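# Fold and geometry: a report
Okay, here's what each chain looks like letter by letter:
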Amino acid sequence: MNNLDRAPTTDPALEALWMPFTHNRLFKKQPRLVVQADGMYYTTVDGRRVLDGLSGLWCSNAGHRHPKIVEAVKRQLDVLDYAPPFQTGHDRAFELATALTTTVGRGFDHVFFANSGSEAVDTALKIALAYHRARGEASRFRLLGRAKGYHGVGFGGISVGGMVANRKAFASALLPGVDHLPHTHDLAHMAYSRGQPTWGAHLADELERLVQLHDASTIAALIIEPMQGSAGVIVPPLGYLERIRELCAHHGILLIFDEVITGFGRMGSLFSADRFGVVPDLIAFAKGVTSGVVPLGGVLVKTAIYDAFMTGPEHLVEFFHGYTYSGHPLACAAGVAALEVYQQEGLFERARALEPVLADAIHSLRGEPHVIDTRNLGLAAAVEFEPRAGAASLRAMEIFHHCFDHGAMVRYTGDIIAIGPALIISETQIAQLIDLVRTAIRATP
Ligand SMILES: Cc1ncc(COP(=O)(O)O)c(C=O)c1O
């Protein structure tokens, strides 16, 4: 049966909600509805258990409804529901800020809270622009990103992002002066890489070309995802991030790591600095900071950057930016508890130990029908397919549907299936997940 014709009618109860990043009409004909989540599993509306192979949407890193995080949020609700973050403070926001900065270390002594990855990214871009202005270098107005980059859906994020569909739809409203590095995804040179590909470090030198084109004195910052997640787990070549770091430092360009996906254990460490030994100037984070329990995002900032703002009369606002829900009490309570859970349960170390297990499992799909690449890093992995003639992305979509119908949640993007389980996944569950993907691949023409 053709997947697209599976159900002819739409349930009227689903009509009101305009779903984000979703093919609304098709979804409402063939809905996938969940009603509960526990640990590694969702329960569907018809009572089936579905193994969550994507940590929700790369966010539920400690598994679903972790009792300590749930309890912390409930306790917070009994005490303080909300306090304005402008000109007023509450203890939970300061507590999480201190917990984060002391855990991260490396000179990231300050954190600015937002509510999502998109807001974190736009905040980081604004900090970069305002920092140069504060230092008398307002000529640095250009922001650089990368092809295939995903930095959320704010106008800043889509401008520096490299997802063609986003850029095309809003082409007239993109920020001026933005340029992009090429992506590093080249199957001719790196197909079936286990961990970081050995080919591609030279692509970092494209930054030198952009500097020669625009002059460093016009460039404020470069934002990159250390591993590109939304584009389908594009793993940085060995030496690439190191070279990017070197060039940014040399030219006075701030390096922003968008760690919305790579943070909080996905790479087997708190942030990429610990995994790759490359330390950016700003870190945008979200998702795993609360294990997805309450929305929260933010930007970790090096001392020198924060200090550049702290000049002028003390009664004046130093940075004209912030959100009504910056550092919401419930989000901060969830964040403090999630950090404790990650540390007390050794979940980052666990992710590191499971990395070779997931690697073996994903690479065992090599040779299955239509597979043209398998790749992995940390607790992230992907399998890429030959697009069906004249119907790009349909094959991966059908595999995704098959997986869900048979008990596994994965993600598809283009003709790629991405996997990023919670750090609590067991070796048996990894095997089950990949077996379900294998069965789906074999069942899909
Ligand atoms: C790297 C990266 N940055 C930013 C975002 C946007 O985050 P949000 O959807 O919370 O706005 C995402 C979302 O997947 C992401 O992967």
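Small disclaimer: the values here were computed from a predicted structure and weren't measured.

Let us now look at the sheet that holds strand β14 (residues 411-413). Sheet architecture is open: four strands sit in the order β11-β12-β15-β14, paired in antiparallel fashion. Two strands bound the open sheet, and with one partner strand each, they are β11 (371-377) and β14. Adjacent strand axes in the sheet meet at a mean angle of 20°, parallel and antiparallel pairs treated alike. Relative to strand β15 (residues 416-419), strand β12 (residues 380-385) runs antiparallel, the two sharing four bridges. Paired with A382 across the bridge in β15 is A418. This element, helix α14 (residues 347-363), spans β11, β12 and β15 of the sheet and lies at about 180° to β11.

We now examine the nonpolar core. Counting residues in each nonpolar core, the largest one holds 125 residues, and the members touching the most others are A124, A221, I256, L282, V299, I417 and V437. Counting residues per element, this core draws most heavily on helix α13 (residues 329-344), which supplies 11 residues. The residues that make up this core include at least three from each of domain 1 (32-62 + 346-443) and domain 2 (70-344).

Split into domains, the protein comes out as domain 1 (32-62 + 346-443) and domain 2 (70-344). Domain 1 and domain 2 are separated by 26 Å when their C-alpha centres are compared. Listed per partner, the contact involves 32 residues of domain 1 and 29 residues of domain 2. Counting residues per element, the ones that place at least two in the side of domain 1 that touches domain 2 are α2 (55-58), α14, β11, β12 and β15. Sort the elements by how many residues they give to the side of domain 1 that touches domain 2 and α14 lands first, with seven residues.

This paragraph deals with the packing of helix α15 (residues 394-405) against helix α16 (residues 427-443). Packed helix pairs are characterised by how far apart their axes lie and by the angle those axes make with each other. At a closest axis distance of 9 Å, the pairing of α15 and α16 adopts a crossing angle of 130°. What the angle tells us is that α15 and α16 run oblique. The interaxial crossing formed by α15 with α16 has right-handed handedness. The residues of α16 that touch α15, namely those facing I399, H402 and C403, are L436, V437, A440, I441 and A443. A class-by-class count of the residues in the contact of α15 with α16 yields seven nonpolar, one polar and no charged.

Let's shift gears to the pairing of strand β4 (residues 110-114). Counting buried positions along β4 gives four out of five residues, so the element sits mostly inside the fold. With five bridges joining them, β4 and strand β10 (residues 297-301) adopt antiparallel strand pairing. Among the inter-strand pairings, H110 is bridged to a residue of β10, identified as V301.

Basis of the calculations
Residues numbered from 1 in each chain as written. Predicted model: local features only at pLDDT ≥ 70, side-chain atom pairs only at ≥ 80, totals over all residues. Pairing = 2+ DSSP bridges. Helix = DSSP H or I, 4+ residues; strand = E, 2+ residues; numbered from the N terminus. Axes fitted to C-alpha atoms, helices over the stretch in contact; angles between N-to-C directions. Contact = placed C-beta atoms within 7 Å. Core = buried A, V, L, I, M, F, W, Y, C linked by C-beta atoms within 7 Å. Buried ≥ 20, exposed ≤ 12 C-beta atoms within 10 Å, placed from the backbone. Domains from an automatic or database assignment. Parallel < 35°, antiparallel > 145°, perpendicular 65-115°, else oblique. Left-handed = near helix turned anticlockwise from the far one by under 90°. Nonpolar A, V, L, I, M, F, W, Y, C, P; charged D, E, K, R; others polar.

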